[in-house]
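Remarks on the overall topology
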Protein chains: 2
Amino acid sequence: MATVDFWFEYTSTYSHLAALRARGAARAAGVALHWRVFLLGPIFGAQGLTDSPFNLFPAKGANMWRDMERQAAKHGLPSIVRPDPFPQNGLLASRCTTALPEAKRPAFAEAVFRAEFAEGRTISDPRVVAELLAGLGEDAEAVMGAARSAEVKAALRAETEAAQALGIFGAPTFVTEDGELFWGHDRMEDAFAWAAGRAVRP
Amino acid sequence: MATVDFWFEYTSTYSHLAALRARGAARAAGVALHWRVFLLGPIFGAQGLTDSPFNLFPAKGANMWRDMERQAAKHGLPSIVRPDPFPQNGLLASRCTTALPEAKRPAFAEAVFRAEFAEGRTISDPRVVAELLAGLGEDAEAVMGAARSAEVKAALRAETEAAQALGIFGAPTFVTEDGELFWGHDRMEDAFAWAAGRAVRP
């Protein structure tokens, strides 16, 4: 079965839509997913951006929130609740994701995104993260302890560097085994069709 | 029949995809289109951008061109030929569009986009524009003369200001009669479905 790397970022609004739809869409397309969390901060920083583009460009930001509401309705997802502040700090959630075995990452990622963008919770709050881990039957203390380890910090840093080396500049991004890079929730189905050999190639 | 305002810009790559697909998609959705050309330069300038974001952010630009090729293949459109330089100067073509009666604008706009992004021609060259007009049976000299008039220049400026007042920050953008703003070629079908009363409203 073809595998698609699904690069996601916890502060990214469209990563939320993608994360909540990814497993169903991948199943429908007959592809496997490799969930890879990374940090946009260093990548935006290298581009000279000091804040989310949605904050830097208010007209774009206003439209993004309305678009999120429309997209959530279109896809039957929970209504959007805007986190305050936006963007959130996703470092702890990212490290916890990295600390989990790969098979447990999708469910945790979905839980984090729901808490952040459908419930407006503060995902940098260790109590919130602990509650989400416990809700999935994880040993929250153990996972959060591992998340503070040098190994996990280095692993997340390495993933962010790998994303940057691939030319990733935003999230979500989907990368196929033959190296095609699809940026954005809007390209998720295209990426899966490409991986499954069903896309018209240019 | 519901009408959707289709705001397009000649230097915008995704306006090309939208322009070549708009009439067919609108017909299929049962909506009418109001083709409105405007200039992104003043709007980007007000955002502090000094060049196309695709030039300012090279990783984003590289992905955009590959995405354009994939999207053209997906939708059965002509292969993409990158204009040099990019972005082109679309002022003359925009003024000629404004000088034409509204019913003649769609065919001219499609011809300009094809010349620019499927043939790599220089759309700021008056000979190219004259040839496109003549190819549509227009009196090229008369249209280009009108394009130089104070009235047409003012009308195009007014449309650009109207776009800015609507909160438009990029192209293409689709605006429905009830004021919903959909940004991007990726939202064209959503905008038409909304206008036709077939969208799930948030």
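Above this text is the structure in question.
As a convention, each chain's residues are numbered from 1 in the sequence order in which they are written. Numbering of ligands from 1 and lettering of chains from A proceed in the order in which they are written. For a predicted model such as this one, the threshold for reporting local features is a pLDDT of at least 70, and the threshold for listing and counting side-chain atom pairs is 80 or more; totals across whole chains, interfaces and linings nevertheless cover every residue. Working from all heavy atoms in the structure, the side-chain values ignore hydrogens and water.

Some points on the layout of surface pockets
What counts here: Here a cavity means grid points, on a 1 Å grid over the protein atoms only, where a 1.4 Å probe fits yet cannot get out; a pocket means an open set of points with protein on both sides within 12 Å along at least five of seven lines; lining residues are those with an atom within 4 Å of a point. Grid points are joined across faces, edges and corners, and a volume is the space filled by probe spheres set on the points. Secondary structure elements follow DSSP: runs of H or I of four or more residues count as helices, runs of E of two or more count as strands, with numbering from the N terminus. By the convention adopted, Pro, Cys, Tyr, Trp, Phe, Met, Ile, Leu, Val and Ala count as nonpolar, Lys, Arg, Asp and Glu as charged, and the other residues, Gly among them, as polar.
What the second largest pocket holds in volume is close to 350 Å³. Elements with a contribution of two residues or more to the lining of the second largest pocket: helix 4 (58-74) and helix 10 (188-195) of chain A together with helix 4 (58-74) and helix 10 (188-195) of chain B. Per-class residue counts for the lining of the second largest pocket are no nonpolar, 6 polar and 12 charged.

Some thoughts on the relation of the copies chain A and chain B
To be explicit about the condition: Only residues with pLDDT of at least 70 in both copies contribute their C-alpha atoms to the least-squares superposition of the copies. Residues are treated as being in contact if the distance between any of their heavy atoms lies within 4.5 Å.
When chain A is fitted onto chain B, the two copies agree to an RMSD of 0.0 Å after a turn of 180° and an axial shift of 0.0 Å. Such a combination of turn and shift is consistent with a two-fold rotation axis. Minimal C-alpha separation from the rotation axis in chain A is found for Asp186(A), amounting to 3.6 Å. The residues that chain A uses at the interface reappear at the interface of chain B in 100% of cases, marking a shared surface.

Quick notes on the side chain of Ser15(A)
All names here are of chain A. To be explicit about the condition: Whether a residue is buried, partly exposed or exposed follows from its accessible area with a 1.4 Å probe, protein chains only, as a fraction of its type maximum: under 20%, in between, or over 50%, in that order. As used in this structure description, the phrase polar contact means that two N or O atoms lie within 3.5 Å; if the pair is within protein, one of them must be able to donate a hydrogen and the other to accept it, and residues adjacent in sequence are counted only when both atoms belong to side chains.
One can find Ser-15 in helix 1 (residues 13-29). Look at Ser-15 and you get buried, because its relative accessible area is 0%. Of note is the side chain of Ser-15, whose polar atom sits 3.4 Å from the backbone nitrogen of Glu-9. The residues contacting Ser-15, other than those within four sequence positions of it, are Phe-6, Phe-8, Glu-9, Phe-113, Ala-171 and Pro-172.

Thoughts on the sheet that holds strand 2 (residues 32-37) of chain B
Residues and elements named next belong to chain B. Quick reminder of the rule: At least two DSSP bridges between two strands are needed for those strands to be called paired. Here, axes are lines fitted to C-alpha atoms. For helices the fit covers the stretch in contact, and angles between N-to-C directions go from 0 to 180 degrees.
Strand order in the open sheet made by the 4 strands is 2-1-3-4, with mixed pairing throughout. The open sheet terminates on both sides in strands that have one partner only, identified here as strand 2 and strand 4 (181-183). Going across the sheet, the axis of each strand differs from the next one's by a mean of 20°, ignoring polarity. The pairing of strand 1 (residues 3-8) with strand 3 (residues 173-176) spans 4 bridges and is classified as antiparallel. Each residue of the ladder has a partner; that of Trp-7, found in strand 3, is Thr-173. Running over the sheet, helix 6 (residues 105-117) touches strand 1 and strand 2 and is turned about 55° from strand 2. Of the strands in this sheet, strand 1, strand 2, strand 3 and strand 4 are in contact with helix 10, which crosses strand 3 at around 5°.

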